[in-house]
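Single-letter residue listing:
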Amino acid sequence: MPFATQVAPGEDRVGAGEGKTAAVAASTEPSDRFFEWRDLSLNIGSKPIVVRQSGYALPGELLVVLGPSGAGKTSLLAVLCGDRPPTTGSVLFQGRALASASGGVRESVRRQILQEVAYVRQRDIFMEALTVEETLAYTARLRMPRHVSRAQKLDRVREVLRELGLEGCAHTTIGSTMRRGVSGGELKVCARAGAACGRHAARSSTLPEWPSSLRHRSRRPRRPAPTRHEQRINIANELLSGPLVLVCDEPTSGLDSSCALTVMSKLREYGRKHSVAVICSIHQPSSQIGALFDTALLLVPGGREAYLGAYAQLRPHLQHGGFEPPAEYTLTDYAMELLATPDSAASLLELWERERARVGAARAAGEPCASRAAGARPPSAGFVEQTVVLMQRQLRQSRGTLLARTEVLLSVMVALITGLIWFGAALPGADGSPPSERALLGLVFYCLAHMSWWPMYLYLFSFSGEIAVLAKEKRTGAYSIEAYFCAKLLSESAAELICPTLFFAIALPMVGLGVYASIVLWLVGLLAYQTSSAIGMLISVAAPPGEANMIASTVMTLVMNAGGYLIDTTGIPAGLRWVPFTSYV
């Protein structure tokens, strides 16, 4: 299928103040539309969430999805991005199917399209122990073309951070609900940092000036409430790969009006400059943000479409149906009130059925814009480079888990307590009597129990967050699952040696255990540590958090009681003689 020539970056295609859409495809035929969904429906069980919606997004336009809670905004975006399979209909990108209820979508084609369609979710998913600069740098090394050297990638990240006045938070950790980090506004600002590092930024080093108030705010890392961490630094990660379609689920949530306006302005500017279709869902936009919209999609509760057309034509459309926005209302506030009221929502649906053809024709009559074809992407990092980068990132992340100061301090304190309780227990008595077997057996049991319970719960609660990061990055094709596994195995095997070795190095000399016996117990303890870590990761993946804790406790109770330290296994009933073989301690 032929495509028009790509527009040069920075070329202005839309006049200021015009109420038309930013762009239209070279042809309005369905097969030529840039990003399109046809007769799309989504049911969860017997409940309809999205009902028979059809539409399209154009390169360079900002399309916003408006609707009250329960209108299916997030579900619609998830279907458009291939995260959920539709019940009926299909999603097309430049004529190729991304998702279809009838099946038949080739996985290779789907993966290629997903590289061009970026999805920014409501909830940010990141490695919490990494800094802002490290997060962007590792993303750049994984996603930017292979021929770009590592030094160039890192220089580009630092250059963007400097140009946007983000040096003040560049070395601040991302943080989480349990770890303080950058503020919500700074996370939003980082979105533009990622955008400038992408495929388009390689063609231009000049960035638009940001408001001085925002630049000043960025230089002062703040300590916000934990809930403010749920923001959009992942816009930066998604834009690093230079997508052709950017879908953002409520990118302004949690921000004040000034930051929200800045984020939406930059998203619109980025879309127009690089001919990217930007689709956003948004709650209660201000009049200033509303002025940025090119196209609006209105949804009523239940997931039905009530309007899809130029935002500038929304007021005449409502007036045509007898709805006149009061002077004290903004257009978006009035539209949201109509959508949330059952009677007015029904009237809007009837009005849309009558006016659909006219509004669609008016939208198609907007200014034409050259469409960007999804050509072959330059190859990114290979398997070896992916493994190295992921291993380095995992070691950095270990600062907040395996190698956290609290974990190291815990190892030292527990080792000292163990050494004091069993102090000299392995040495012969004053009368030359051999050490107590009961004391040594208790020592071995406690050391192995500590090497089992500790990593089990450490991974049970830390790995679940990492799985979310893996799922997000695997969707974008940033790396292969084989590279992640190798990096995880190599990096954490090294990190897992430190705290257990520190424990045994302090406790066993105090006990008086011989060198040979100490080495054997140390090696067995490391094996128990690795085994419990693997089981903890398995449980965290297989079960939800509430059930994972219960399953882990059940497994560890079985392992401890069946190990033969607390009871003679020969006395176990014949039908349960296999139980001791389930214990690894």
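Residues numbered from 1 in each chain as written. Predicted model: local features only at pLDDT ≥ 70, side-chain atom pairs only at ≥ 80, totals over all residues. Heavy atoms only, no water.

A. The arrangement of the overall build of the protein chain in detail. Within the protein chain, the secondary structure is distributed over 19 helices and 10 strands. Out of the 585 residues belonging to the protein chain, those deemed buried represent 51%. Summarising the internal contacts of the protein chain: among those between residues at least 6 apart in sequence, 76% fall at separations of at least 24. Summed over all atoms, the accessible surface of the protein chain reaches about 25300 Å², with 60% contributed by carbon and sulfur. (Helix = DSSP H or I, 4+ residues; strand = E, 2+ residues; numbered from the N terminus. Buried < 20%, exposed > 50% of the residue type's maximum accessible area, 1.4 Å probe, protein only. Contact = heavy atoms within 4.5 Å. Areas by Shrake-Rupley, 256 points an atom, 1.4 Å probe, with all protein chains shown as cover.)

B. Examining the pattern of salt bridges more closely. Counted under the stated rule, the structure contains 14 salt bridges. Measuring nitrogen to oxygen at the nearest pair gives 3.1 Å for the salt bridge that ties Arg-356 to Glu-305. Of this pair, Arg-356 sits in helix H13 (residues 342-364) while Glu-305 sits in strand S10 (residues 304-310); the two residues are 51 residues apart in sequence, bridging distant segments of the chain. Note that Lys-488 is salt-bridged to Glu-466, the shortest N-O span being 3.0 Å. Linking Lys-488 in helix H17 (residues 481-511) with Glu-466 in helix H16 (residues 437-475), this pair joins segments that are 22 residues apart in sequence. Given a relative accessible area of 10%, Lys-488 falls into the buried group. You can call Glu-466 buried: its relative accessible area is 8%. (Salt bridge = Lys/Arg side-chain N within 4 Å of Asp/Glu carboxyl O.)

C. The arrangement of unusual backbone geometry in detail. Here the phi dihedral of Asp-39 falls at roughly 45°; this positive angle occurs in a residue that is not glycine. With respect to the helices and strands, the residue Asp-39 is situated in strand S1 (residues 35-44). Look at Asp-39 and you get partly exposed, because its relative accessible area is 27%. Positive phi, normally seen in glycine, also occurs at Arg-52, with a value near 40°. Checked against the element boundaries, Arg-52 lands in strand S2 (residues 47-57). Owing to a relative accessible area of 55%, Arg-52 belongs among the exposed residues under this scheme.

D. How the structure looks around the environment of Cys-499. The topology assignment puts Cys-499 in helix H17. For the pair Cys-499 and Leu-410, spaced 89 residues apart in the sequence, the C-alpha separation amounts to 8.9 Å. If we ignore the near neighbours within four places in the chain, the residues touching Cys-499 are Leu-402, Glu-407, Val-408, Ser-411 and Trp-454.

In short, shape yes, function no, at least from these values alone.
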